[in-house]
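# Survey of secondary and tertiary structure
Here is how the chains run, residue by residue.
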Amino acid sequence: MLREASPILCTKLYFPQVRSQLVLRPRLVAQLEQGLTRRLTLISASAGYGKTTLLSEWRMSRPDEPVAWLSLDSGDNDPARFLAYVTAALKTVLPDFTPVNQEDFFSPQPQDIKLALTNLINSITTGLARQQLRSLILVLEDYHVIESESVHTAVSFLLNHMPPEMHLIITTRIDPALPMHRLLAQDQVIKLGTSDLRFNQPEVASFMALVGGSELKTEDLSQLAERTEGWAVGLQLAALSLKDRRDIKGFFKAFSGNNRFVLGYLAEEVLSLLPDNTRSFLLETSIFERFNARLVEAVCPVRNASQMLVYLQEANLFLFALDETGEWYRYHRLFAEFLNHRLNQEQPDRLLELHRRAGEWFEQEGLAAESIGHYLAARAYESAAHLIEKVAWSMIMRGELTTLDGWLKQLPPAIFRASPSLCLYYAWKLYLRRHFGHHEEYLQIAEDAWRLQNNLVGLGEVFYLRSYFAHTQGNYRAAIDYAEQALALLPESDLANRGNANNALGWACLMNGEAARSQKAFSEGRAQCHRSGNLLGEQSCSYGLGDALEMQGRFREAKPLYEEALALLPDKPEFLAMIEIRLGQLYMEWNQLEKSSRYLAHLESLDEQGVDLTSLPGGYMFMAEMWWLRGDYSRAFEKLKKAQELARRANFSFQVDQIAAYEGWLWLNLGDTLQMNQWREEYFPNLEALVQKPPTYQEEAKYLTLCAILLIQKQVDKALQLLHLLEEVATRQGRTINLLQILTLTAITQQAAGNTVKALATLDKVLAASEPEGYRRLFLNRGAPMRELLQIALTRLPRYSTYIRSLLNDVYPDQILQKEKEVVPTSTAALQELPGELLTERELEVLRLLNSGASNQKIAETLVVAVSTVKKHLTRIFDKLEVTSRTEALARARKLGLL
């Protein structure tokens, strides 16, 4: 039976065996020993400088040291695969090591590998303590093959957070994209480079004596050391070329050029001197990353492959044993590349045939990833596609999107046209990577093929995947239609797919503002996913059902659903973060800011660690809200800006509008007239046109902010007109929480218009719905006007008196509202609190003009001074108030009572 796409290949974890002909290099071993007191030892040099051989010698001097070895290859650029192999390597030296299951680390979203590494590091710490180990060394060989930013970030995180007993050794041809400057500044890295690894003349003499070059004279050795620049592979190749050669002077005359050309020259010399059968063996086996005699005999085929491998190793023909039993081998990578290139030049058809046979062998062995790689190299695309179809879904669920993407990109268009399943997997890959634009052509191919086959299940999958795409791109009406088509096609017995389709319908209806319909879809999908064992779908439906209930104002029912969703798949990082945001916002609404701050702290820690939150702009918006409530306006705007960037990059149109609305609300609460006007002009340049049609749910948040600004600007009638439109839509769609937000603003607007009776009638509706759910920030966020209205309601609406008193006595963060009994500092008292020297009368005048929304030019005209003079005044004001911007200056001045 075919195993999963990426089983662990144990030979990547074997420490290279020490050669019998080894030149001891104690000067370098001493440097390695010294490096163990730091976090990182970096061995960085061009190919063939003896990096791995040096580690073999060092290992020989510390046979009992717990050293985990991982030989990297290009496939390890997939974050999921990299982490799986790191885990496997560590397990070789920590037998009781029990990290979290690899499948729990990943979800079908862009990967948060740092969260997985956090679990891994915690497990390492536990394992070290359990086995009472004082040290643990992890070696990453050939790190230069890593190009993935995600993997670089993961290794950086490991370096920063691994336990003090742990040490990392990296060998590479080029310096890695790691925080080397910081590590060097902290004296936490020791680096061995090309100059360190070069063989000096005594070491060259020792090496040549070992390989039979003892007849060389001192001047010959000196010339060899000079020409090779101490390059270990160059010395080895030179030794092979010098065997049985009489014209040593001629050899040194021809032996010139830099290392790249030397390799080609000497490889030619080596190949030309070998018997035909040995040369053929080298060329044909160069197609393998790793190989053993059984594989060679099946693919090449040759007889007595074991004997040939022993001969090649004894002849120092760049062959390395990968295990203690001498079963698995690999060539020096440069030598293998040369051989493979030569085989392609001389026998291109034979090269393709060998790859095809290798693909068949690995398929029979159940090693899908290796088989697919060889089939693709053989251009046996149908065979590769057949295997990819079998393993693609499990790879998607494990998060191995990089590997899958690499395979799919190599398949020609004709293969996709013949395989609707591959088209669907490719579309899934695009969706999960947030790469939109080309998905429809693949979904259309799949739809056309499955219509011809009358495959209703396949068609259903196409349509609910279309729904996900449409939802993500903000086309909610189309998303609903696609999900409904999927449900119409899928049989009732197909619980797994119907659960996914209902999940798609639920999210589409939710984002379209259809709360009750969304609740129904999520409820059905949740039950179907549970019965079919689809935990990921069940979690999404539970989370979505909580959102649908929250939209209907049923916060107390939503909370346990969010907690249930957390418990279903607690190690899926991006879902975990999304659900924690919701819980944090619930506690924020109940004004339980201490509990809400716990979720803020977790998100902040993820952000500081550099964890990928690109799919969570809402998380940064939550951070902005919390920092605003804490009075840190600068950080609030910083987080809001990040949220805007992510939402626009991912084309999350709904969140783009939500964030824009909140930005306007922040300017309003800061009292920044200039910014408020700019916001209004950007989003609502024509106020008269707004009343012509009711706003959509997506537009509602911005309309609500506009109405609040109109109230501040004394355009009460216009605000009430727009609020009535908003109320009609929210009522019709059953969105209670949004309706209450509209009604609270309506009430204080009616009070501002002098109609206290209407304001109290509106407030009555709000209080009736709010008291059972315990809403608090709904009122507190409306500031002093709402507090004044609640004071009136205390006697006029006595049935809510207990609730109203609790609201009036609640803690208003002083950055938003002062407590009722708190004395607002006078200007004189405030001036005494100013850091540094006092503001001058002219600086106070500039500050007041700034508060009115005047530009630098307008301030200059009013004060009859140059603009440069205004800028100097502003600089001094910023310095005295200890701020860096106009916004911060105004906020600080208000807090100190200067305005």
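What you see is a predicted model, and the numbers here were worked out from it, not measured in a lab.

Calculation rules
- Residues numbered from 1 in each chain as written.
- Predicted model: local features only at pLDDT ≥ 70, side-chain atom pairs only at ≥ 80, totals over all residues.
- Heavy atoms only, no water.
- Helix = DSSP H or I, 4+ residues; strand = E, 2+ residues; numbered from the N terminus.
- Buried < 20%, exposed > 50% of the residue type's maximum accessible area, 1.4 Å probe, protein only.
- Contact = heavy atoms within 4.5 Å.
- Areas by Shrake-Rupley, 256 points an atom, 1.4 Å probe, with all protein chains shown as cover.
- Polar contact = N/O pair within 3.5 Å; in protein donor to acceptor, adjacent residues only side chain to side chain.
- Expected span 1.5 Å × (residues − 1).
- Axes fitted to C-alpha atoms, helices over the stretch in contact; angles between N-to-C directions.
- Parallel < 35°, antiparallel > 145°, perpendicular 65-115°, else oblique.
- Left-handed = near helix turned anticlockwise from the far one by under 90°.
- Nonpolar A, V, L, I, M, F, W, Y, C, P; charged D, E, K, R; others polar.
- pLDDT = per-residue confidence, 0-100.
- Pairing = 2+ DSSP bridges.
- Phe/Tyr/Trp six-rings, centres within 6.5 Å; stacked < 30°, edge-to-face > 60°.
- Lys NZ or Arg CZ within 6 Å of the ring centre and 35° of its normal.
- Core = buried A, V, L, I, M, F, W, Y, C linked by side-chain atoms within 4.5 Å.

To continue, consider the overall build of the protein. Secondary structure assignment for the protein yields 48 helices and seven strands. For the protein, the proportion of its 899 residues judged to be buried stands at 57%. Taking the intrachain contacts of the protein between residues at least 6 apart in sequence as the baseline, contacts between residues at least 24 apart amount to 68%. Carbon and sulfur atoms make up 50% of the accessible area of the protein, which totals about 38200 Å².

It is worth spelling out the side chain of Glu-141 at this point. Mapped onto the secondary structure, Glu-141 falls in strand β3 (residues 136-141). There is a polar contact of 2.9 Å between the side chain of Glu-141 and the side chain of Ser-71. Apart from residues lying up to four places away in sequence, Glu-141 is in contact with Thr-52, Trp-69, Leu-70, Ser-71, Leu-72, Thr-171 and Arg-330.

Taking 1.5 Å per residue as the helical rise, helix α25 (residues 456-472) with its 17 residues ought to reach 24 Å, and the 25 Å between its terminal C-alpha atoms agrees with that figure. Buried residues dominate α25, accounting for 14 of its 17 residues. Its side-chain oxygen 3.3 Å from the backbone nitrogen of Val-457, Asn-455 forms the N-cap of α25. Positive backbone phi, approximately 85°, marks Gly-474, located one or two places after α25.

The next subject is the packing of helix α37 (residues 697-712) against helix α38 (residues 716-732). Helix-helix packing is described using two parameters, namely the angle between the two axes and the distance between the axes. Put simply, α37 and α38 touch, their axes get as near as 8 Å, and they point 155° apart. Here α37 is positioned roughly antiparallel relative to α38, judged by the angle of their axes. Crossing hand, α37 versus α38: left-handed. For the pair α37 and α38, the contacting residues are Glu-700, Tyr-703, Leu-704, Leu-706, Cys-707, Leu-710 and Leu-711 in the first and Val-716, Lys-718, Ala-719, Leu-722, Leu-723, Leu-726 and Ala-730 in the second. Here the contact of α37 with α38 is built from residues that sort into 12 nonpolar, no polar and two charged.

Examined against the element boundaries, Ala-784 turns out to sit in helix α42 (residues 783-796). Ala-784 sits 36 residues away from Ile-748 along the chain, and the two C-alpha atoms are 9.8 Å apart.

Turning our attention to the confidence of the model for the protein. Overall, the predicted model of the protein reaches an average pLDDT of 83, with 87% of residues at or above 70. Across the protein, helix α39 (residues 736-752) holds the top mean pLDDT of 96, while helix α44 (residues 827-833) sits lowest at 37. Contacts for the low-pLDDT stretch residues 1-5, under 50 throughout, to residues beyond four places or in other chains number 18 contacts. Scored below 50 in pLDDT, residues 100-111 shows 41 contacts in the model against residues more than four places distant or in partner chains.

Across the sheet, five strands lie side by side as β2-β3-β4-β1-β5; this open sheet has parallel pairing. Pairing within the sheet leaves two strands with one partner each, and these edge strands are β2 (67-71) and β5 (189-192). Here the strands of the sheet are splayed against their neighbours by 15° on average, with no regard to which way each runs. In this structure, strand β1 (residues 40-44) lies alongside β5, joined through four bridges in parallel fashion. In the sheet register, Leu-42 faces β5, and the bridge partner there is Lys-191. Of the strands in this sheet, β1, β2, β3, β4 (166-172) and β5 touch helix α2 (residues 51-61), which is tilted by about 145° from β4. Helix α6 (residues 149-161) contacts β1, β3 and β4 of the sheet and is inclined by roughly 145° relative to β4.

Along the chain, Asn-856 turns up in helix α46 (residues 856-863). On the accessibility criterion, Asn-856 (19% relative accessible area) is buried. For Asn-856, the contacting residues outside a window of four places in its chain are Val-867, Val-870, Lys-871, Leu-874 and Arg-886.

Here the focus is the packing of aromatic side chains. The way to describe two aromatic rings as a pair is by their centre distance and the angle between their planes. Summed over all chains, the structure comprises 29 aromatic pairs. These aromatic residues form a ring-pair network of at least three members: Trp-393, Trp-428, Tyr-431, Tyr-464, Tyr-468 and Phe-469. A cation over an aromatic ring shows up here: Lys-12 above the ring of Tyr-85, its NZ or CZ 4.6 Å from the ring centre.

Glancing now at the packing of helix α35 (residues 653-670) against helix α36 (residues 673-683). The geometry of α35 relative to α36 is characterised by a closest axis approach of 8 Å and an angle of 155° between their N-to-C directions. Of the possible angle classes, the one that applies to α35 and α36 is roughly antiparallel. Remark: the crossing between α35 and α36 carries left-handed chirality. Residues Ala-660, Ala-661, Glu-663, Gly-664, Trp-667 and Leu-668 of α35 lie in contact with α36, whose contacting residues are Gln-675, Met-676, Trp-679 and Tyr-683. Partitioned by chemical class, the residues of the contact of α35 with α36 number seven nonpolar, two polar and one charged.

As a further point, take unusual backbone geometry. Keep in mind that most residues, glycine aside, have a negative phi and that most peptide bonds are trans. Of note in the backbone geometry, Asp-142 takes a positive phi value of approximately 60° without being a glycine. Mapped onto the secondary structure, Asp-142 falls in the loop between β3 and α6. By relative accessible area, Asp-142 is classed as buried at 8%.

With that settled, consider the environment of Asp-632. Assignment of secondary structure puts Asp-632 in the loop between α33 (617-629) and α34 (633-649). Separated by 259 residues in sequence, Asp-632 and Ala-891 place their C-alpha atoms 9.9 Å apart. Within the structure, Asp-632 has its side chain in polar contact with the backbone nitrogen of Arg-635 (distance 3.1 Å).

This brings us to the nonpolar core. If you look at the biggest cluster of nonpolar residues, it comprises 108 residues, and the most contacted ones within it are Trp-628 and Phe-779. The contact partners of Phe-779, leaving out residues within four places of it in the chain, are Leu-763, Val-766, Leu-767, Ser-770, Met-786, Leu-790, Tyr-803 and Leu-807. Leu-408, Leu-411, Leu-422 and Tyr-431 belong to the second largest nonpolar core, which has 57 residues in total.

Attention now moves to the pairing of β2. Consecutive side chains along a regular strand alternate between the two faces of the sheet. Among the five residues of β2, five are classified as buried, and the element is accordingly described as predominantly covered. Sheet topology note: the β2/β3 ladder contains five bridges and is parallel. Its bridge partner lying in β3, Leu-70 is registered against Leu-140.

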